[in-house]
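Tertiary structure, described
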Amino acid sequence: MMVGNDRVEFRFTKRMSAIAHVESLSDTQRVLPDGLAHLTLLEYLRDIGLTGTKLGCGEGGCGACTVMVSHYNEVLKKCVHYAVNACLAPLYSVEGMHIITVEGVGNRKTGLHPVQESLARSHGSQCGFCTPGFIMSMYALLRSSELPPTEEQIEECLAGNLCRCTGYRPIIDAFQVFAKTDDAFYTNTSSSDLQSGEFLCPSTGKPCSCKSKSLNGAETCKKSTANENKYEPVSYSEVDGSTYTDKELIFPPELLLRKLTPLYLNGFGGLKWFRPLKIQHLLELKAKFPDAKLVVGNTEVGIEMRLKRIQYKVLISVAHVPELNVLHVKDDGLEIGAAVRLTELLQMFRKVVNKRAAHETSSSSPISDLNPLWMAAGAKFQIIDCKGNIRTIMAENFFLGYRKVDLTSGEILLSIFLPWTRPFEYVKEFKQAHRRDDDIAIVNAGMRVFLEEKGEDLVVSDALIVYGGVAPLSLSAVKTKEFVIGKNWDQELLQGALKFLEIDIFLKEDAPGGMVEFRKSLTLSFFFKFFLWVSQQICMKKSTGIPLSYLSATQPFQRPSIMGNQDYEIRKHGTSVGSPEIHLSSRLQVTGEAEYADDTPMPSNGLHAALVLSRKPHAKILSIDDSEAKSSPGFAGIFLAKDVPGDNHIGPITHDEELFATQYVTCVGQVIGVVVADTHENAKLAAAKVVIEYEELPAILSIQEAVDAKSFHPNSEKCLKKGDVDLCFQSGQCDKIIDGEVHVGGQEHFYLEPQSSLVWTMDSGSEVHMISSTQAPQKHQKYVAEVLGLPMSKVVCKTKRIGGGFGGKETRSAFIAAAASVPSYLLNRSVKLTLDRDVDMMITGQRHTFLGKYKVGFTKEGRLLALDLEIYNNAGNSLDLSLSVLERAMFHSDNVYEIPNIRIRGRVCFTNFPSHTAFRGFGGPQGMLIAENWIQKIAVELNKNPEEIREINFQGEGSILHYSQQLQYCTLGQLWNELKLSSDLLRAREDAKQFNLQNRWKKRGIAMVPTKFGISFTTKFMNQPMYGVCVAKKKSEVGVSLVKKLAMGIGCGADNPLPSMVARLLLHHIMVVAPLVEMMANCHGPGVAVGVNADLSR
Ligand SMILES: Cc1cc2nc3c(=O)[nH]c(=O)nc-3n(C[C@H](O)[C@H](O)[C@H](O)COP(=O)(O)OP(=O)(O)OC[C@H]3O[C@@H](n4cnc5c(N)ncnc54)[C@H](O)[C@@H]3O)c2cc1C
Ligand code: FES
Ligand code: FES
């Protein structure tokens, strides 16, 4: 290569195509054409019709898009398999590789894979949207494991997969049958038949190309002690009885023979994609394109490009450059190439820790975020420039500012050198995140101290204390370091260091990221833990001691394997009613064959839609300039309020919302218009180009602000009363009266399947049809009919299934369908609108936040006498269902307690947030939570256990509630006593007390809390059930062929009871269909435990 001022000779030959093997049993080799560098693997898979792989979040956070990628590793001389989040993997990053999607694992026609069968049989799916991802993570683990995995490895491999409906117990149960199991479960090939050195794949049970050592399946299947009905993996296909292994996909031999070549491919908007295979090539490219982004896993670059809409022009995949993949154990430390995968690094650490002297690897844990740890551990970064010159810099000096490092545009990171630690040198990592797996830290830290023995003392000779999450860059506590150096490692050092840390780590009250007090306390507590941990290490060598009760601060969190137990009684009635049947969709879900709204193929002239959204919480719209959007690629139209053919006003009860904002916007994310274009990306691009000028107005952003400003939705004041509260407080009957405030936070629905609607017209636009992901198809029918000015009879909404809803798709899905229907109707073309996760979270509202202000009077024994409660919910910018949610919270404000005098006043607050909506419990949980808060306060006030206060106040048979209902069949007392006994509450409390006495820094607690929940809608006509049964006759055979029902099945089991019931009567094959608005009128959505139960009870 030559690099000159005006001449660059470039060695990459442009390939017009690349290949990858995508397996879906019928599909195999795929030629990847040039021009797709902007696509992720997921987009490509779904575009070619492999829709079993789902798009949940698009940012690597949920695992719904997991696929298995395999390639032949030249160094290891074997195939390596790993699970990959296809939503972030660039398409061309899998060039020359073998991709197995859920379709390639097994299906209903040819037979399910044992992993699929096991998950279906153990009831491990509900809505099923997450299910293909779980299957693929487990499948990849089995394929990549040389030995059958342990239970811990199985749980770890699922850490990146989220499920919002099922709960993880049945999923773990289903997969743990593969832990340490015998190969005979998978195959009828006896392991003794294998020639020595051959590797038996734990998944296929066949000798496989992984070429690892032979596996003797000597270990036996672990049986759960918790669940006697443990499911066992199946080794044969239930379709034709053949052994499953006959169908297992192997690594394509042609890929074994294929040599990787450098790649130069293109993408949308002039994007260039390079895959150099030599460092020299990489450096040439960096010289030619100094602004090029280097890509390894793309988990950062991908998010920047997708979510932050940063347009990079040149991407260089460095994953295959050997010099960047070195992993060398050297005499003085470990050299780690800049592109080494964390998994490989972890494996290496595990090996090294066992082989090296203990003092050399005092920190081996890579679990924490790495930058503070590199710095603290004294790592050195090797940097190479375009001319091949290498310089070394201490990690401590590498990070310069927010996303700024000491690299010039011509330089790249070559490797990291991690030195071994010395005797009396200790390094430790710390991380606090919202959850333990796969989560960004709130604060993290890396700390190192090197102690020297001076006589009897241990004196600090060197130290480094580095924090992440407290500043724009990893921050070294310089003053603390200076203070500790030269000091004895003792209490005095600890106290002094804590003071200096407060100076070093200074967080302003308005520091980005919030939680300032918490983050401050973390910085101190991390150092405290470090001090104790080092002291403990020293204790092992010297005989100085730390109190036993302090040790819990140094013990890392250990998560025991998940174990769960479900007890239920099977009371069969007739054929199948009462038996725990596998739900009807589960086998479709585990194979990826179950179709969701976005899986519906687009007609050839279909358009994609993107919303134009408000960026201000409250503002007047001054102007809308769509000129740039109109010249955007693939643009097909923009539609604003003026274009709505019918009524622009929408709402489930009160029509107080605008479909497209006209003069004012009242929240960030309010819909102003919709843009349609030929692709989803082009629609988003064009929508982003619409320029809106605003005049900002004051916004109300909390319940308290709304209360202060008297900002309430009209006619939303409610009051419920029993007895005379004021008289009771004045009468002197109450020994004590306390008051307080409770703030209950909101919650994102996070249904795994984002909102989606596909709308099309028929008969030249005289009918409008749609497939929507909704809990309430009839609301879609109504909204769309109204905004288009059509009679409802001309609008049809179908919903086969949805990937979770939890209330978030009851009303807040309808405006999305309505928005898509406008361009569809006006252009007479199909329009699909599927929201990206970030947009979905921004615009569709959440669980209501609540504020409760209470005054409660009681006797000295704790018996309740009077409750005066003011309760407010944050409705956001439209009423939606907020009044009903408020009412339900008011109904549940007594929880299960007898209160002779009660007054509850409720208001619905108007704030400048997107409209909040139904959410599991529908206000009930918030009302109960407020009640349990004052119960707890009474207990503290009277120095009693809360359970004592609860028990003496229980409602019972015949109690009259504050909304005049009389309790019947009240089993509360009986249930409470049985549970108290079976859980051995008193003993568990005593155990917790003893634990707390013995542990200064780790505490345990236990509580027993009752609830009651009112079943039924308070709007009485909504409690109507409805179903239709079609009877088919074929010769002498009579059977039910179709069951139509009112309840929307979301995997909660709504689909099962009906066929069970009908089968009992007519014994035939049945197809259950979701609410068909064209056949059944007034199909309102299910809720408040009313759905199929109401149907069945008639
Ligand atoms: C769901 C999710 C969870 C996460 N959780 C955590 C977490 O718990 N803790 C944590 O610390 N991080 C977390 N992250 C962030 C993640 O660790 C980083 O995104 C990741 O380490 C970047 O690696 P990559 O190979 O995917 O990066 P890429 O996106 O491929 O590259 C990252 C950056 O490094 C540059 N680069 C790559 N190679 C070189 C080189 N040789 N020389 C110079 N520059 C180079 C790239 O140009 C780019 O700017 C999470 C990310 C996701 C998506
Ligand atoms: S992780 Fe890819 S869609 Fe969520
Ligand atoms: S079944 Fe897992 S998200 Fe619904």
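Residues numbered from 1 in each chain as written. Chains lettered and ligands numbered in written order. Predicted model: local features only at pLDDT ≥ 70, side-chain atom pairs only at ≥ 80, totals over all residues. Heavy atoms only, no water.

This brings us to the UniProt feature "binding site: Mo-molybdopterin" (unreviewed entry) in the protein chain. UniProt feature "binding site: Mo-molybdopterin" (unreviewed entry): in the numbering of this structure it lies at Gln-775, Phe-806 and Arg-920. Spatially, the listed residues are clustered: although they cover 146 residues, their C-alpha atoms lie within 12.6 Å of one another. Topologically, Phe-806 is positioned in the loop between β33 (795-798) and α21 (814-827). Not counting the four nearest positions on each side in its chain, Phe-806 is found in contact with Arg-164, Cys-165, His-749, Phe-750, Tyr-751, Gln-775, Ala-918, Phe-919 and Arg-920. (UniProt positions renumbered as here; feature names shortened; annotations may be inferred. Helix = DSSP H or I, 4+ residues; strand = E, 2+ residues; numbered from the N terminus. Contact = heavy atoms within 4.5 Å.)

On inspection of all chains with the given rule, the structure shows four cavities of 30 Å³ or more. Of the volumes computed, that of the second largest cavity is approximately 70 Å³. Around the second largest cavity, the lining residues are Arg-46, Leu-55, Phe-129, Tyr-596, Asp-598, Glu-753, Pro-754 and Thr-834. Class assignment for the residues of the lining of the second largest cavity results in four nonpolar, one polar and three charged. (1 Å grid on protein atoms, 1.4 Å probe; cavity = no way out; pocket = protein on both sides within 12 Å on 5 of 7 lines; lining within 4 Å. Points joined across faces, edges and corners; volume = space filled by probe spheres on them. Nonpolar A, V, L, I, M, F, W, Y, C, P; charged D, E, K, R; others polar.)

Moving on: the site of ligand 1. As a structural note, the neighbourhood of ligand 1 is formed by 23 residues, with Leu-294, Val-296, Gly-297, Thr-299 and Asp-439 the closest of them. The contact in question runs from an oxygen atom of ligand 1 to an N or O atom on the side chain of Lys-293, over 2.8 Å. A distance of 2.7 Å separates an oxygen atom of ligand 1 from a polar backbone atom of Asp-439. Considered on its own, ligand 1 offers 980 Å² of accessible surface; in the complex 72% of this is hidden by protein. Residue assignment for the shell around ligand 1 shows that the elements contributing at least two residues are β8 (293-295), α8 (301-306) and β16 (411-419). (Near = heavy atom within 4 Å. Polar contact = N/O pair within 3.5 Å; in protein donor to acceptor, adjacent residues only side chain to side chain. Areas by Shrake-Rupley, 256 points an atom, 1.4 Å probe, with all protein chains shown as cover.)

In the contact formed by helix α2 (residues 114-121) and helix α5 (residues 168-176), the axes pass within 8 Å of each other and the chain directions differ by 140 degrees. With respect to α5, the axis of α2 lies oblique. Helix-helix and strand crossings are classified by hand; for α2 and α5 the assignment is right-handed. Across from Val-115, Ser-118 and Leu-119 in α2, the residues of α5 making contact are Ile-171, Ala-174 and Phe-175. Each residue belonging to the contact of α2 with α5 can be placed in one class, and the counts come to five nonpolar, one polar and no charged. (Axes fitted to C-alpha atoms, helices over the stretch in contact; angles between N-to-C directions. Parallel < 35°, antiparallel > 145°, perpendicular 65-115°, else oblique. Left-handed = near helix turned anticlockwise from the far one by under 90°.)

We now examine the packing of aromatic side chains. Taken as a whole and assessed by the stated rule, the structure comprises 22 aromatic pairs. Relative to Phe-398, the ring of Phe-381 has its centre 4.7 Å away and its plane inclined at 70 degrees; by these criteria the two rings are edge-to-face. Here Phe-381, found in strand β12 (residues 380-385), pairs with Phe-398, found in helix α11 (residues 395-398); they are 17 residues apart in sequence, far enough to count as distant. Seen in terms of ring centroids, Phe-398 and Phe-399 are 5.2 Å apart; in terms of plane orientation they differ by 85 degrees. Their pairing is edge-to-face. The exposure class of Phe-398 is buried, given its relative accessible area of 5%. In this structure Phe-399 comes out as buried when scored by relative accessible area, which is 16%. Three or more aromatic residues link up through ring pairs in this structure, and these residues are Tyr-426, Trp-489, Phe-527, Phe-530, Phe-531 and Trp-533. Cation over ring: Arg-164 sits above Phe-806, and NZ or CZ is 4.8 Å from the ring centre. Lying across the ring of Phe-450, Arg-422 places its NZ or CZ 3.9 Å from the centre. (Phe/Tyr/Trp six-rings, centres within 6.5 Å; stacked < 30°, edge-to-face > 60°. Buried < 20%, exposed > 50% of the residue type's maximum accessible area, 1.4 Å probe, protein only. Lys NZ or Arg CZ within 6 Å of the ring centre and 35° of its normal.)

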